[in-house]
Amino acid sequence: MAPRASRHGDPRADDDIVLARLRRHLEFLGLTKTLGELDVHLATLTRERLGPTATLEHILGIEAAHKLELRIERRVSTSGLTERKTLEAFEWDFQPNLDKALVLELGRLDFVRRREDLVITGMAGTGKSHVLKAFVVRACEQGIRVRYARCVDLLDDLHAGLADGTYAKRLKAWARAELLVIDDVGLGQVKKRGDEPTAAHTLYNLIDRRHGRVSTAITSNIGLSEWGRFLGDATLTAAILDRLAMHAIRIDVDGPSYRQHVAETRANGHAKKR
């Protein structure tokens, strides 16, 4: 059956008009992924001879996946995470004492929905931060409101709020996240200026607001018994630990430092080249 001709006798003229109109529709709707790859999609649909329903599903499925990817990227960028990690890339064989099944189960983030807390302790380089950074990425993928910060950076942010009058606003923002990851307790130096409250007081206010309402996940490079010295107030630190212990899942990573292992491997490689 011959293609239907336009009033001007050229069937391609009608196709060009429809194609131009289609491009305008896609641009107006903001379907930029489909618009940018329209010629490829049309060639695929023609080759595979898909019906109208399958055609719509094909195009809208690609667009929906693109929108979701952009949404995840936005969540990651606003979470505070600067380095992406995945559980798939974790060197499980290097940390045989770490309960892989437990970590993978926690990676489903059901503990966040149960409003439980998580505390992971262990020496530097044992993979604690890797695990929680992977959890941040998964939270972004699942649409969970998540924020990430190193402990000293979080405390600095709240102390900055005391100086510029935005403390209440900042505290509320940190307290609102469905999952708050506080990384590297015990690493770095907690700043104390003049009559500012101790780090323990600042952290207590945050943990107390979140306690039993939303989940907090923490990594610590020092034992919990050393938190009082690090945070500057043993009594308030005990109150923090009391609240965390009530709803916390505890993991202690007792193993070697992966970073040290990588450094030694590189050093040995350079030595052999000489």
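Before reading on, note that the structure itself is shown above.
No experiment lies behind these values; they were computed from the predicted model shown.

(A) Spatial organisation of the overall build of the chain. On a plain count of helices and strands, the chain comes out with 13 helices and five strands. Expressed as a percentage of its 274 residues, the buried residues of the chain come to 38%. Here the analysis covers contacts within the chain between residues at least 6 apart in sequence; of these, 78% occur between residues at least 24 apart. Surface exposure of the chain reaches about 16300 Å², of which carbon and sulfur atoms provide 53%.

(B) Examining the pattern of salt bridges more closely. All chains considered together, the criterion is met by 15 salt bridges. Note that lysine 85 and glutamate 83 form a salt bridge whose closest N and O atoms lie 3.4 Å from each other. It is possible to trace a salt-bridge network through shared partners that takes in Glu83, Lys85 and Lys133.

(C) The sheet that holds strand β3 (residues 179-185), seen in detail. One open sheet holds the five strands; their spatial order is β2-β3-β4-β1-β5, and the pairing between them is parallel. The open sheet has two edge strands, β2 (146-150) and β5 (248-253), and neither has a second partner. Here the strands of the sheet are splayed against their neighbours by 10 degrees on average, with no regard to which way each runs. The sheet contact formed by β3 and strand β4 (residues 215-220) spans five bridges and is parallel. Across the sheet, residue valine 185 finds its bridge partner in β4, namely serine 220.

(D) Inspection of unusual backbone geometry at higher detail. Located in the positive-phi region is leucine 109, a residue other than glycine, with phi close to 70 degrees. On the secondary structure map, leucine 109 appears in the loop between α5 (100-106) and α6 (110-113). Unusually for a residue other than glycine, arginine 115 sits at a positive phi of about 60 degrees. As for its placement among the helices and strands, arginine 115 is situated in the loop between α6 and β1 (117-122). For arginine 115, a relative accessible area of 46% corresponds to the partly exposed category.

(E) Representation of the side chain of serine 79 within the structure. Within the secondary structure, serine 79 sits in helix α4 (residues 52-79). A relative accessible area of 1% means that serine 79 is categorised as buried. A polar atom in the side chain of serine 79 sits 2.7 Å from the backbone oxygen of valine 76.

About the thresholds
- Residues numbered from 1 in each chain as written.
- Predicted model: local features only at pLDDT ≥ 70, side-chain atom pairs only at ≥ 80, totals over all residues.
- Heavy atoms only, no water.
- Helix = DSSP H or I, 4+ residues; strand = E, 2+ residues; numbered from the N terminus.
- Buried < 20%, exposed > 50% of the residue type's maximum accessible area, 1.4 Å probe, protein only.
- Contact = heavy atoms within 4.5 Å.
- Areas by Shrake-Rupley, 256 points an atom, 1.4 Å probe, with all protein chains shown as cover.
- Salt bridge = Lys/Arg side-chain N within 4 Å of Asp/Glu carboxyl O.
- Pairing = 2+ DSSP bridges.
- Axes fitted to C-alpha atoms, helices over the stretch in contact; angles between N-to-C directions.
- Polar contact = N/O pair within 3.5 Å; in protein donor to acceptor, adjacent residues only side chain to side chain.

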